[in-house]
Amino acid sequence: MLKSKTFLKKTRSGGVMKVVREHYLRDDIGCGAAGCAACRGAQEGPALEPQPRDPASSLCPLPHYLLPDTNVLLHQIDVLEDPAIRNVIVLQTVLQEVRNRSAPVYKRIRDVASHQEKHFYTFTNEHHKETYVEQEKGENANDRNDRAIRVAVKWYNEHLRKLSEDSQLQVILITNDRKNKEKALEEGIPAFTCEEYVKSLTANPELIDRLACLSEEGKEIESGRIIFSEHLPLSKLQQGIKSGAYLQGTFRASRENYLEATVWVHGDSEENKEILLQGLKNLNRAIHEDIVAVELLPKSLWVAPSSVVLHDEGPTEEDAERDEEKESLLKAKAMSGSMLKPTGRVVGIIKRNWRPYCGMLSKSDIKESRRHLFTPADKRIPRIRIETRQASALEGRRIIVAVDGWPKNSRYPNGHFVKNLGDAGDKETETEVLLLEHDVPHQPFSQAVLSFLPKMPWSITENDMKNREDLRHLCVCSVDPPGCTDIDDALHCRELKNGNLEVGVHIADVSHFIRPGNALDQESARRGTTVYLCEKRIDMVPELLSSNLCSLRCNVDRLAFSCIWEMNHKAEILKTRFTKSVINSKASLTYAEAQMKIDSATMSDDITTSLRGLNRLAKILKKQRIEKGALTLSSPEVRFHMDSETHDPIDLQTKELRETNSMVEEFMLLANISVAKKIHEEFSEHALLRKHPAPPPSNYEILVKAAKSKNLEIKTDTAKSLADSLDKAEYPAFPYLNTLLRILATRCMMQAIYFCSGMDNDFHHYGLASPIYTHFTSPIRRYADIIVHRLLAVAIGADATYPELTDKHKLADICKNLNFRHKMAQYAQRASVAFHTQLFFKSKGIVSEDAYILFVRKNAIVVLIPKYGLEGTVFFEAKDKSKPRLTYDDEIPSLKIEDTVFHIFDKVKVKIMLDSSNLQHQKIRMSLVEPQIPGISTDISDMSEPERKKKKLGK
């Protein structure tokens with residue numbers, strides 16, 4: 001059956017165009033109920049159970065299916081995801097509306113619907129002859145959709161009665177819309193609010209905790225006084241932003257001060273790029289990462305960033321008066337500080353960027369109370385008020401909570417319990433927390449993704465050999481860290497008949513297995529990168545590819561993408577060519593094994609000869625790079641040695657770098673540069689490249705001052721002058737000084753980023769001193785490299801292009817996601833190292849070690865312990881508060897305490913211990929052992945219990 005609608009549309013040129021919209025209606029769409037004779041053969045996807053085994057409901061004891069409306073789906077997705085809720089009908093009308101309003105919820109509902117045991121069924125009511133409704137004259141889209149939902153429920157109930165004469169099966173409408181519910185009941189449709197239905201499930205009382213708290217009535221704090229000003233509606237905000245009365249930006253809360261935040265203003269103008277916000281009322285219920293509208297305050301009300309550390313002390317401080325006291329202290333301190341900053345207040349929220357938050361429950365002191373405060377692990381997120389009957393069971397556990405809203409007369413936002421992760425401090429639980437907090441996709445790969453993997457057993461076919469060179473005869477080998485299973489690069493070097501050298505970098509051909517646009521490709525693009533934690537690897541691609549078919553293991557045939565140069569003995573490139581290939585690696589070596597072969601006087605086999613040739617050329621290439629101004633920086637990296645049974649860290653040491661590390665690095669860099677040139681030649685507008693911006697001069701201030709304090713000069717006008725002056729910064733009596741300077745120089749650098757060549761004109765990579773650069777050499781663990789492989793394959797005629805590959809806007813979106821994923825992976829890796837360092841010192845107890853001062857603060861020194869590659873802060877506090885004994889000098893970077901002066905790079909001895917006084921935020925605490933300063937406390941163990949609590953709360 002065909003419905004068509006004709007209307008006239010005005011064109012840009014002023015003409016009139018007739019538009020005909022056709023809508024097909026069918027009578028062969030199944031209801032989804034398993035065993036329905038009327039719909040046999042028309043069912044699609046997982047079917048509803050013929051006799052639902054849903055939990056017993058006191059409101060509707062008969063067997064039933066649930067049919068939620070749009071708002072229930074949007075706001076109560078946590079309830080619907082619970083294993084207790086099954087047999088749910090999701091209407092096409094509802095799904096389309098959810099898709100338009102929230103992409104994350106849409107994805108979650110699609111994921112739930114794909115689990116067969118949940119028995120969710122998507123019913124295409126908009127194309128069903130008996131459930132399609134047309135919009136009536138004067139009816140708005142929302143009312144039409146509500147009517148369509150009611151018509152579908154009514155049809156279902158009539159249809160299900162036909163299953164059998166004694167069928168008591170019914171469909172229940174779940175809606176929180178009062179008007180929709182009233183109309184449904186008038187029409188004889190069974191309807192309940194989500195809260196009514198969930199509370200009726202007597203066997204599942206825990207489900208009540210997962211209800212989103214949407215009604216503000218009765219959910220505020222007991223005092224009904226207004227704390228915050230009303231948020232302006234979106235229409236007024238947009239007008240204000242257009243007229244310049246308000247500025248739009250991203251709200252960034254402070255980690256150190258819960259009464260302070262900044263708003264990073266969007267747009268090209270450099271003016272007022274960052275606006276400071278101080279005080280609860282000016283923060284006005286914005287949460288970290290929200291997009292907000294701010295109003296600039298008059299200059300007379302501008303303030304300076306505060307140096308006061310203030311943490312929200314939670315349950316003991318429910319009243320806003322104490323916050324006001326703190327604000328006056330904050331402003332008094334701030335006014336005496338440095339320059340004033342543009343200051344503003346939040347007038348409205350443009351977009352909430354809430355996510356589920358991990359943390360711990362702060363149980364209420366009031367007996368029998370169901371209302372408690374939740375403290376997020378991320379200090380930038382405010383405490384959240386939740387209702388739960390499980391408070392005693394959840395104490396000391398890591399849980400997930402979602403925010404539902406923030407009424408203007410509530411000190412804290414309202415939220416609801418989502419999930420219990422496990423005991424705080426437990427290794428599995430803490431790993432899950434750090435993955436969730438850094439938004440690392442780590443769920444198992446779905447069946448839809450796995451369906452695109454090659455069928456095993458797999459072997460190279462004749463078809464695979466098209467446009468591919470057979471290089472299995474070459475003496476190729478890989479060099480990697482010990483235990484590496486995702487080997488994505490291998491090398492070879494051999495002498496040619498003309499006396500020149502042939503050098504090849506062979507990279508796993510992952511793009512052969514991951515084809516554009518399929519579910520496997522989409523999931524790899526979403527993950528963006530493999531995340532390496534201390535004990536665990538979160539793969540970007542399924543293990544069959546990462547550790548098997550794509551991994552260039554020895555003595556097996558593997559598909560590769562090869563970059564092959566002809567070089568002379570001075571490492572000058574005479575020819576470069578790229579080819580898809582088949583290789584058979586002759587050895588999978590660790591860096592230590594490769595080094596041993598190179599250094600051995602007795603070995604002269606083909607692999608050793610190849611490695612020696614590569615090593616000799618790599619040294620020349622490195623020298624050439626450094627002469628051009630490439631930086632050799634340093635950062636302390638640690639390696640944990642794990643107990644084979646408990647998997648707890650038993651030793652911690654800095655990673656040792658060998659010549660072979662540098663050898664592999666040089667050829668990977670060379671391959672990346674060669675490929676970058678080729679893809680940019682071919683796709684000047686659509687090449688995916690990587691750049692490293694030069695740091696602004698202000699970034700180097702600390703490095704220059706630190707070197708000056710040791711009578712050394714660091715020049716920073718170019719990368720070359722920085723590299724040269726770092727090389728010259730030697731101190732014979734203090735050989736480690738050069739490493740410290742390079743560690744400090746690393747901190748001055750900007751983040752390297754991916755970008756699309758058609759969207760930028762600055763391609764330069766500052767750290768490598770290269771005019772162009774990309775990533776080609778790690779496609780198993782980086783999605784950027786897969787895109788680069790596809791571009792290169794098209795450039796050499798080895799593969800076909802596809803529309804998204806040459807769409808610079810789509811490529812720019814991919815780059816944005818990749819930059820975010822890489823940054824989050826880095827943070828997750830650091831958090832994993834920090835957690836395992838805590839485990840190590842928990843078993844080690846208190847230890848004393850030599851350390852060097854990296855930074856000097858007004859009341860602390862930041863030190864680096866080379867033995868462990870560990871960094872920490874030693875705080876100083878005068879025991880007699882009437883005598884301030886700390887003098888800070890910013891020019892020389894030094895801190896004078898009594899007669900002792902601390903300079904950057906001074907050697908000290910520190911005591912290291914794990915401070916477990918705050919279960920939520922355990923940390924490594926350091927105190928000074930040498931030199932000793934009388935009358936100054938640096939050690940938490942010197943404090944009484946009340947003092948320790950005060951310190952913990954940031955007082």
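Residues numbered from 1 in each chain as written. Predicted model: local features only at pLDDT ≥ 70, side-chain atom pairs only at ≥ 80, totals over all residues. Heavy atoms only, no water.

**Q** Could you give me a rundown of the pairing of strand 25 (residues 573–584), with the residues and numbers involved?
**A** By the bridge criterion, three bridges tie strand 18 (residues 468–470) to strand 25 in an arrangement that is parallel. When the sheet's bridge partners are listed, Asp 470 is paired in strand 25 with Val 582. Of the pairings in the sheet, the one linking strand 24 (residues 557–567) to strand 25 comprises 11 bridges and is antiparallel in character. For Ser 562, the partnering residue across the bridge sits in strand 25 and is Thr 579. (Pairing = 2+ DSSP bridges. Helix = DSSP H or I, 4+ residues; strand = E, 2+ residues; numbered from the N terminus.)

**Q** Residue-level account of the side chain of Thr 431, with values.
**A** With respect to the helices and strands, the residue Thr 431 is situated in helix 12 (residues 427–437). Overall, Thr 431 belongs to the buried group, its relative accessible area being 14%. Dropping the residues within four chain positions of it, Thr 431 is found in contact with Leu 533 and Lys 536. (Buried < 20%, exposed > 50% of the residue type's maximum accessible area, 1.4 Å probe, protein only. Contact = heavy atoms within 4.5 Å.)

**Q** Kindly report on the packing of helix 16 (residues 591–599) against helix 18 (residues 659–682), identifying the contributing residues and their values.
**A** Two elements in contact, helix 16 and helix 18, have axes whose closest approach is 8 Å; the angle formed by their N-to-C orientations is 100°. The orientation of helix 16 with respect to helix 18, classified from their angle, is roughly perpendicular. On the side of helix 16, the interface is formed by Tyr 591, Ala 594, Gln 595 and Ile 598, while helix 18 contributes Glu 659, Thr 660, Asn 661, Met 663 and Val 664. For the contact of helix 16 with helix 18, the class distribution of residues is five nonpolar, three polar and one charged. (Axes fitted to C-alpha atoms, helices over the stretch in contact; angles between N-to-C directions. Parallel < 35°, antiparallel > 145°, perpendicular 65-115°, else oblique. Nonpolar A, V, L, I, M, F, W, Y, C, P; charged D, E, K, R; others polar.)

**Q** Describe in detail the packing of aromatic side chains, supporting the description with residues and values.
**A** Each pair of aromatic rings is reported with the distance of its centres and the angle of its planes. Evaluated as defined, the whole model comprises 10 aromatic pairs. Taking 5.9 Å as the distance between ring centres and 75° as the angle between the ring planes, the aromatic pair formed by Phe 561 and Phe 776 counts as edge-to-face. Of this pair, Phe 561 sits in strand 24 while Phe 776 sits in the loop between strand 30 (753–756) and helix 22 (783–795), placing them 215 residues apart in sequence. This pair shows no difference in class: Phe 561 is buried, exactly as Phe 776 is. Both rings, one in Phe 840 and one in Phe 841, keep their centres 5.0 Å apart while their planes meet at 75°; by these two values the pair is edge-to-face. Residue classification places Phe 841 among the buried positions, given a relative accessible area of 1%. Site record: aromatic cluster; members linked through ring pairs are Phe 123, Trp 155 and Tyr 156. One Lys or Arg, Arg 690, reaches over the ring of Tyr 754 and ends 4.5 Å from the middle of that ring. Sitting over the face of the ring of Phe 755, Lys 691 holds its NZ or CZ atom 5.5 Å from the ring centroid. (Phe/Tyr/Trp six-rings, centres within 6.5 Å; stacked < 30°, edge-to-face > 60°. Lys NZ or Arg CZ within 6 Å of the ring centre and 35° of its normal.)

**Q** Explain the sheet that holds strand 10 (residues 274–278) to me, using residue names and the numbers behind them.
**A** Ordered in space as 10-9-8-11-12, the five strands form an open sheet in which the pairing is antiparallel. Looking at strand neighbours, the two that pair on one side only are strand 10 and strand 12 (344–351), the edges of this open sheet. For this sheet the average axis-to-axis angle between neighbouring strands, irrespective of direction, equals 40°. Set on the sheet, helix 8 (residues 234–243) makes contact with strand 8 (247–253), strand 11 (291–296) and strand 12; between it and strand 12 the angle comes to about 120°.

**Q** Give me the packing of helix 3 (residues 92–101) against helix 4 (residues 103–113): which residues, what numbers.
**A** At their nearest, the axes of helix 3 and helix 4 sit 6 Å apart, and the two run at 140° to each other. Relative to helix 4, the element helix 3 lies oblique. Between helix 3 and helix 4, the residues in contact are Leu 95, Val 98, Arg 99 and Arg 101 and Ala 103, Val 105, Tyr 106, Ile 109 and Arg 110, respectively. For the contact of helix 3 with helix 4, the class distribution of residues is six nonpolar, no polar and three charged.

**Q** I'd like a rundown of the pattern of salt bridges, residues and numbers included.
**A** Once the charged atoms of two side chains with opposite charge are near each other, the side chains can pair. Tallying each qualifying case throughout the model produces 48 salt bridges. In this structure, Glu 196 and Lys 181 form a salt bridge, with 3.1 Å as the shortest nitrogen-oxygen distance. Of this pair, Glu 196 sits in helix 7 (residues 194–199) while Lys 181 sits in helix 6 (residues 178–186), and the two are 15 residues apart along the sequence. Looking at Lys 181, the relative accessible area reads 17%, which means it is buried. Residues participating in the shared-partner salt-bridge network are Arg 355, Asp 378, Arg 380 and Glu 437. (Salt bridge = Lys/Arg side-chain N within 4 Å of Asp/Glu carboxyl O.)

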